[in-house]
Each structure stands twice: as structure tokens, then as C-alpha cells.
Amino acid sequence: MADIKDCIGKKVKISKSSITIKDDNNKTCGVVRNITSLYDLQANRQMEYYKKIRKLGLHGKISIKDCIIADGAMYVFRNVKSKLWHEKYGFISEEEKQKAEETETIYNAIRTAGIEVIECVYV
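First, a word on scope: everything that follows refers to the structure included in this document. Just so it is clear, the model here is predicted, and its values are computed rather than measured. (Residues numbered from 1 in each chain as written. Predicted model: local features only at pLDDT ≥ 70, side-chain atom pairs only at ≥ 80, totals over all residues. Heavy atoms only, no water.)

Strand direction decides the pairing type here: strand β1 (residues 11-14) and strand β7 (residues 116-122), joined by two bridges, are parallel. In the strand pairing of β7, V12 is matched with Y122. The pairing of strand β6 (residues 73-79) with β7 spans five bridges and is classified as parallel. Considered in β7, the bridge of R78 is made with E119. (Pairing = 2+ DSSP bridges. Helix = DSSP H or I, 4+ residues; strand = E, 2+ residues; numbered from the N terminus.)

Take a look at the structure:
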């Protein structure tokens with residue numbers, strides 16, 4: 001059984017109650033169990049996490065399906081597939097570059113608030 005920190009920089013598939021970690025050959029190399037998405041959490045238990053998101057001013061800017069609750073702590077998963085593509089090939093237009101910079105500032109705000117951001121590639 002893997003830890004949620006093992007997802008950093010790996011390919012992952014997020015399911016309702018687990019995260020499957022894949023290697024470069026798309027073979028399973030680990031499973032993180034006993035997690036839940038903020039989207040799937042009971043409404044009365046969602047409120048404390050929504051308060052954190054609203055205080056940061058991020059409501060509507062991040063997907064609640066990417067907010068994962070494990071062991072009472074909230075983690076935000078970030079799909080870095082587009083970031084890797086931009087590093088390799090560059091930006092097509094100025095609007096695309098501006099949008100990437102805005103996304104980066106959003107995730108930096110999450111990090112400074114004490115919520116851990118897990119950067120990985122979704123399968």
C-alpha cells in the first residue's frame with residue numbers, strides 16, 4: 001500500500017475511494033486507499049473544507065474533484081500534463097501563456113495557505 005506522497009510526479013488514476021499509481025509502462029506500482037474526493041464527501045462534512053477554499057478566494061477556480069481528503073488532511077491534485085507540454089514546446093499564443101501564469105498563481109496561493117499540492121499526470 002502506497003502513501004499519498006508517492007503520487008508526486010507519477011501517473012495516477014483517481015477513483016472514488018482509491019488512487020492507482022502507474023509506472024511508465026502503465027503498470028500498477030501502488031495503490032493509495034481510504035481516500036475520498038471533496039465531491040463525494042457528505043454535505044455536512046464538506047463545509048469545513050469549503051470554508052478553507054472560500055477564505056482563499058479559490059471557490060470556482062479549482063475543481064472539487066481534485067480536492068482529496070486523506071486522514072483528515074486535504075490535498076489538491078494538479079494535472080501537470082499541459083505544464084510539461086508547455087515546457088517542451090512553448091506557448092502557442094499570449095492568451096495561453098497568461099492562462100498558464102494564472103493557474104500557477106492559484107496553485108501557489110494554495111501552497112502558501114498550507115494545503116499540499118500533489119503534481120502528477122492523470123491517466
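Further notes follow.
Moving on: the nonpolar core. The tendency in soluble globular proteins is for nonpolar side chains to be buried as a group. L38, Y49, I53, C67, M74, V76 and I110 are the most contacted members of the largest nonpolar core, which has 15 residues in total. Elements with a minimum of two residues in this core: α1 (43-55), β5 (67-70), β6 and α3 (94-112). Beyond its immediate sequence surroundings of up to four residues, V76 is in contact with D66, C67, Y107, I110, I115, E116, V117 and I118. Counting 14 residues, the second-largest nonpolar core is a separate cluster that includes V12, V32, I68 and A70. (Core = buried A, V, L, I, M, F, W, Y, C linked by side-chain atoms within 4.5 Å. Buried < 20%, exposed > 50% of the residue type's maximum accessible area, 1.4 Å probe, protein only. Contact = heavy atoms within 4.5 Å.)

Attention now goes to the layout of surface pockets. Empty space within the largest pocket amounts to approximately 440 Å³. Around the largest pocket, the lining is made up of 21 residues, and of these R78, S82, K99, A100 and T103 lie nearest the centre. Of all elements in the fold, only β6, α2 (81-89) and α3 reach the threshold of two or more residues within the lining of the largest pocket. Element by element, the count of residues in the lining of the largest pocket is highest for α3, at 10 residues. (1 Å grid on protein atoms, 1.4 Å probe; cavity = no way out; pocket = protein on both sides within 12 Å on 5 of 7 lines; lining within 4 Å. Points joined across faces, edges and corners; volume = space filled by probe spheres on them.)

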